[in-house]
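# Commentary on secondary and tertiary structure
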Amino acid sequence: MDLLTERSARIVAARKLTRRAGRDAAGLFLAEGRQAVAEALADPSGVREVLVTDAAATAHRDLLAATSVPVRLVTDKAAAGLSETVTPQGLVAVCALRDVTAESVVAAPPRLSVALSELADPGNAGTILRTADACGAAAVMFGAGSADPYGGKAVRASAGSLFHVDVVRGAPLVPVVEAMRSAGVTVLAADGGGEAGLDELTSELAGPVLWLFGNEARGVPAGLAELAAARVRIPMRGRAESLNLAAAAAICLYATQLAQG
């Protein structure tokens with residue numbers, strides 16, 4: 001098997017996928033590490049190839065032996081150029097973008113879904129994807145201007161959950177929320193100053209439910225929050241001024257999971 005270097009055409013092309021413009025142009029993204037690659041390979045039709053160093057090929061022999069996806073050996077330097085981490089894992093899958101349309105989500109609203117408005121931090125994007133997956137959400141919609149869920153930091157933070165839920169990018173959230181409401185979905189906006197306490201909600205969480213989460217600093221835009229059935233705060237008995245967005249999302253989604261049984 002030929003050893004690909006940082007100058008090889010395949011590596012040069014793959015390196016472009018570390019930038020959003022490159023991902024969008026190619027329709028591809030990178031998933032690094034055993035967990036992400038294993039989840040990607042669960043549906044090999046969406047994986048173009050796996051790039052692996054000799055050491056990683058030995059460490060993950062069982063995973064790679066079980067797939068029909070092309071596996072190509074790369075140098076350590078080539079692998080490092082595909083990674084955004086300090087210590088590259090030497091195992092990267094080149095995958096097709098998994099976007100679905102907002103219209104497809106609206107046409108068959110899931111029991112639990114999430115919409116993110118102007119979310120800035122890719123780590124939060126991936127963590128919310130992971131939490132949404134854990135709590136049974138079937139779709140996560142990233143509004144226009146939000147972090148790219150296919151960036152390296154977001155993919156790592158999702159811990160493979162990116163491959164389990166429907167992902168919508170660049171959605172115009174106002175018409176999406178209006179359409180979800182018309183389809184019978186209860187829309188709830190997370191808001192630290194909201195009029196309704198999460199612990200006060202009962203039938204509102206029974207489903208189907210769409211949770212709105214906003215920018216880390218500014219929250220859900222007023223025009224979008226006005227479309228929600230309620231602006232919901234998380235009661236806090238301690239002295240913390242606020243919660244991290246990903247933590248707040250986890251609490252809201254877990255409470256919904258419990259209510260939906």
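Let us look at the structure shown here. (Residues numbered from 1 in each chain as written. Predicted model: local features only at pLDDT ≥ 70, side-chain atom pairs only at ≥ 80, totals over all residues. Heavy atoms only, no water.)

## Side note on unusual backbone geometry
Applied cut-off: Strands here mean DSSP runs of E at least two residues long; helices mean DSSP runs of H or I at least four residues long; both are numbered from the N terminus.
Cis geometry marks the peptide bond from Gly207 to Pro208; its omega dihedral reads -5°. Mapped onto the fold, Pro208 is located in the loop between strand E9 (196–197) and strand E10 (209–213). Even without being glycine, Glu118 reaches a positive phi, approximately 55°.

## Some points on the packing of aromatic side chains
Defined as follows: Each pair of aromatic rings taken from Phe, Tyr and Trp, with Trp reduced to its six-membered ring, is defined by centres within 6.5 Å and is described as stacked if the planes are under 30 degrees apart, edge-to-face if over 60, and tilted in the remaining cases. Only protein chains enter the accessibility calculation, which uses a 1.4 Å probe; a residue is then buried when its area is under 20% of its type maximum, exposed when over 50%, and partly exposed in between.
In this structure the tally under the stated criterion is 3 aromatic pairs. Here the aromatic rings of Trp211 and Phe213 are separated by 5.8 Å at their centres, their planes lie at 10°, and the arrangement is stacked. The exposure class assigned to Trp211 is buried, which follows from its relative accessible area of 0%. Owing to a relative accessible area of 1%, Phe213 belongs among the buried residues under this scheme. In this structure an aromatic cluster arises from ring pairing among Phe29, Tyr150 and Phe163.

## Remarks on the pairing of strand E7 (residues 166–171)
The line we're drawing: For two strands to be treated as a pair, DSSP must find at least two bridges joining them. We call a crossover right-handed when, viewed with both strands directed away from the observer, the connection leading from the first strand over the helix to the second proceeds clockwise.
Pairing between strand E6 (residues 139–143) and E7: 5 bridges, direction parallel. Directly across from Gly143, in E7, lies its bridge partner Ala171. On the question of chirality, the crossover connecting E6 to the parallel E7 by way of helix H9 (residues 152–158) is right-handed.

## Here we look at the side chain of Thr75
The test is simple: Only heavy atoms enter the contact rule, under which two residues are in contact if any of them lie within 4.5 Å.
Note that Thr75 resides in the loop between strand E3 (71–73) and helix H6 (76–81). With residues near it in sequence (within four places) discarded, Thr75 still touches Leu3, Leu4, Thr5, Glu6 and Thr53.

## Some points on the pairing of strand E8 (residues 186–190)
Most of E8 is tucked away: 4 of the 5 residues are buried. Direction of pairing for E8 relative to E10: parallel, over a ladder of 4 bridges. Across the sheet, residue Thr186 finds its bridge partner in E10, namely Val209. Pairing between E8 and strand E11 (residues 230–233): 3 bridges, direction parallel. By the bridge assignment for E11, Leu188 is matched with Ala230.

## A closer look at the sheet that holds strand E4 (residues 91–96)
We count it as follows: To define axes, lines are fitted to C-alpha atoms, for helices over the stretch in contact only, and angles between the resulting N-to-C directions are given on a 0 to 180 degree scale.
Taken in spatial order, the 4 strands of this open sheet run E1-E4-E2-E3, and their pairing is mixed. Among the strands making up the open sheet, the edge pair consists of strand E1 (28–32) and E3. The average undirected angle you get between the axes of adjacent strands in this sheet is 25°. Here helix H3 (residues 34–41) sits on the sheet and contacts E1, strand E2 (47–52) and E4; the angle it forms with E4, its principal contact strand, is near 40°.

## Topic: H3
Quick note on the threshold: Arc definition: it is the arc formed by the directions from the helix axis to the C-beta atoms.
For H3, every residue scored as buried is listed here: Ala36, Val37, Ala40 and Leu41. The arc that holds every buried residue of H3, seen down its axis, measures 130°, which confines them to one face. Among the structural elements, E1, E2, helix H5 (61–65) and E4 are those in contact with the buried residues of H3.

## Here we look at the sheet that holds E6
Spatially, the 7 strands line up as an open sheet ordered E7-E6-E5-E10-E8-E11-E9, and their pairing is parallel. Whereas interior strands pair on both sides, the edge strands pair on one side only; in this sheet they are E7 and E9.

## What about the pattern of salt bridges?
Rules: In what follows, salt bridge is the name for a side-chain nitrogen of Lys or Arg lying within 4 Å of a carboxyl oxygen of Asp or Glu.
Scanning the entire structure with this criterion turns up 15 salt bridges. In this structure, Asp62 and Arg34 form a salt bridge, with 3.0 Å as the shortest nitrogen-oxygen distance. Of the two residues, Asp62 is situated in helix H5 and Arg34 in helix H3; the sequence distance between them amounts to 28 residues. The closest approach of N and O atoms between Arg233 and Glu200, which form a salt bridge, is 3.6 Å. Of this pair, Arg233 sits in strand E11 while Glu200 sits in the loop between E9 and E10; the two residues are 33 residues apart in sequence, bridging distant segments of the chain. Assessed through its relative accessible area of 48%, Glu200 is described here as partly exposed.

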